[in-house]
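What the coordinates show
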Amino acid sequence: MKDLAKGRSLVFSGTILPCIPYSTCGPFSAYFVETFKPLLVTYGCLVFSAAASSRLRERSCCSLSASLKRREAAEAMFETEVMALLAPVKLRLAEIARESVLAHDRDAVSDLPPAPQLLYGRERELSALARMFAQGRQAHAALLGEAGAGKSTLALALLHRPEIISQFGPRRFFVRGASSDVAGVAVRLSSALGLRLSHTPRDPDPPQAFVLAALSSCPFDSLIVLDDLDDAWASPHTRPALGAFLADLAAIPSVSLLLTLRGAQRPLGPVYTQPYPAPLGPLPLCAARTLFRAISGLSAGSVNDADVPCADDAAPRPLLADVGIAALSRGAISVEPTLGPDDALLDALLHHAECLPQAVVLLAQRAQYEPLPFLLARLEEGDV
């Protein structure tokens, strides 16, 4: 309006048009416009009234608003068309990722280590884990305990339980850890899944992303045992990344996790299923005897292990040694009349092994070619 009143020029559609102020037309404005209309059009002059200027501004705003709406509608239509064109590509990529996992179902069973042949004293823990993971819904657990308590053996035995096989079929994976960073854990997991992923520092995407994408695209339930996560979890530098990776794995509805590591602290990340498994400790004495004899070939003495109670707690009862051992002469160990010589020697050896499965296995292997008195004497001297 100010431009119109002062007679300034207006830019309209790229053309500079001079404005004739309405006040110059006087009372003969209508006559002036009608009379000089051809001339005004010819020379590009415009005469505006205040009402005409307001209507022009409203029309311009409406036109601009309509143009913006048409542009937004066109962009939305373009985006819809592009997504429709990309839908088959995304579907094919998902099928390829799914086939990468499912194509190794048969190989996954062959890559799974065989079931432990010797497992004693862990029936209650094994049954509890089997009930947890065979309930038909997602579950997560951490199997804790001191070193050599048999965590890996118990986890592997779980994967071969009939109810677990029925629940997960060939999608049972045992991933040995021994990696100091989360990328190494992801690479080992991808190898167990059959993805054959090789990660280098130059790769733009971490191996965790590829593993997560492959598992997310698989519609079938999977049970993954991540064994021996001690190295990756012990370092304060890799602990946050490992926790985030475990949380991402646990967030996939079709994935159930079983973690094994030393200590009594469950790794952060997954929401673990209750009741929590108790940390593994030493074997009951009768189970440790049976394990030792099964490996060493030592026959039972005068005491039948079936008559020895297996307490629920793993603490072994007082152990005995043979009369001929030097420890007896020092009065450190006494003899029960109901135990035979071999049973007393065996109990003394198990006492040194603290009834931990790994230590019992190592002693039993040495007992295959070393007499028990000689082996016990070396243990007392600290040579073994």
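Source: prediction; values computed, not measured. (Residues numbered from 1 in each chain as written. Predicted model: local features only at pLDDT ≥ 70, side-chain atom pairs only at ≥ 80, totals over all residues. Heavy atoms only, no water.)

**Here we look at the overall build of the protein chain**
Threshold: Helix and strand definitions follow DSSP, with helices as H or I runs of at least four residues and strands as E runs of at least two, each counted in order from the N terminus. Think of it in three bands: residues with accessible area under 20% of the maximum for their type are buried, residues over 50% are exposed, and the middle band is partly exposed, with areas taken using a 1.4 Å probe on protein chains only. Residue contacts are counted whenever heavy atoms from the two residues lie within 4.5 Å of one another. Values of accessible area rely on a 1.4 Å probe in the Shrake-Rupley scheme; residue burial ignores everything except the protein chains shown.
When helices and strands are counted, the protein chain shows 16 helices and 7 strands. When the 384 residues of the protein chain are sorted by exposure, 38% land in the buried category. Of the contacts formed within the protein chain by residues at least 6 apart in sequence, a portion of 69% connects residues at least 24 apart. Of the roughly 21400 Å² of accessible surface on the protein chain, 59% is carried by carbon and sulfur atoms.

**Examining the pattern of salt bridges**
Let me state the cut-off plainly: Think of a salt bridge as a Lys or Arg side-chain nitrogen and an Asp or Glu carboxyl oxygen that are within 4 Å of each other.
Here the structure, examined in full by the defined rule, presents 7 salt bridges. Residue Glu163 pairs with Arg161 through a salt bridge whose shortest N-O separation is 2.9 Å. Arg176 is the partner of Asp227 in a salt bridge, and the nearest nitrogen-oxygen pair spans 3.8 Å. With a gap of 51 residues between them, Asp227 in strand S6 (residues 222–227) and Arg176 in strand S5 (residues 172–176) connect regions that are remote in the sequence. Here the salt bridges do not stand alone but share partners, grouping Arg366, Glu370 and Arg378 into one network.

**Some words on the nonpolar core**
Stated precisely, the cut-off is as follows: Each nonpolar core is a collection of buried residues, namely Ala, Val, Leu, Ile, Met, Phe, Trp, Tyr and Cys, held together in the definition by side-chain atoms within 4.5 Å.
Ranked by size, the top nonpolar core spans 31 residues in total, and within it Leu189, Leu215, Ile224, Leu226, Phe245 and Leu249 carry the most contacts. The set of elements that each furnish at least two residues to this core consists of S5, helix H8 (182–193), helix H9 (207–217), S6, helix H10 (230–234), helix H11 (239–250) and strand S7 (255–260). Looking at this core, the element that brings in the most residues is H8, giving 6 residues. If sequence neighbours within four positions are ignored, Leu215 has contacts with Leu193, Ile224, Leu249, Ile252, Ser254 and Val255. Counting 23 residues, the second largest nonpolar core, distinct from the first, contains Ala139, Leu154, Ala155 and Leu156.

**What to know about the side chain of Ser217**
Inclusion rule: For the purposes of these results, a polar contact is taken to be a pair of N or O atoms within 3.5 Å, where, inside protein, one atom must be able to donate a hydrogen and its partner to accept one; residues adjacent in sequence count only when each atom of the pair is a side-chain atom.
Take Ser217: it is sitting in helix H9. Polar side-chain contacts of Ser217 include one of 2.9 Å to the backbone oxygen of Ala214.

**Observations concerning the sheet that holds S7**
Definition in use: Strands were regarded as paired on the criterion that DSSP finds at least two bridges between them. Note on definitions: angles span 0 to 180 degrees between N-to-C directions of axes, and those axes are lines fitted to C-alpha atoms, for helices only across the stretch in contact.
Spatially, S4-S7-S6-S5 is the arrangement adopted by the 4 strands of the open sheet, whose pairing is parallel. Looking along the sheet, the strands with just one partner apiece sit at the ends: strand S4 (140–143) and S5. Sheet twist, expressed as the average angle between the axes of neighbouring strands with direction ignored, equals 15 degrees. As paired strands, S4 and S7 are joined by 4 bridges and run parallel to one another. Its bridge partner being in S7, Ala141 is matched across the sheet by Leu258.

**Some words on the packing of aromatic side chains**
Going by this rule: The aromatic pairing rule takes the rings of Phe, Tyr and Trp, using the six-membered ring of Trp, and pairs them if the centres are within 6.5 Å, calling planes under 30 degrees apart stacked, those over 60 edge-to-face and the rest tilted. Either the NZ atom of lysine or the CZ atom of arginine qualifies as a charge over a ring when it sits within 6 Å of the ring centre and within 35 degrees of the ring normal.
Throughout the structure, instances matching the rule amount to 0 aromatic pairs. Between the NZ or CZ atom of Arg239 and the centre of the ring of Trp233, over which it lies, the distance is 5.0 Å. The cationic tip of Arg266 hangs over the ring face of Tyr276; the distance from NZ or CZ to the ring centre is 3.8 Å.

**Some remarks on the pairing of S7**
The element S7 is extensively covered by neighbouring structure, given that 6 of its 6 residues are classed as buried. Here S7 shows a buried face lined by Val255, Leu257 and Leu259 and a second buried face lined by Ser256, Leu258 and Thr260. The pairing of S6 with S7 spans 5 bridges and is classified as parallel. By the bridge assignment, Leu226 is partnered in S7 with Leu259.

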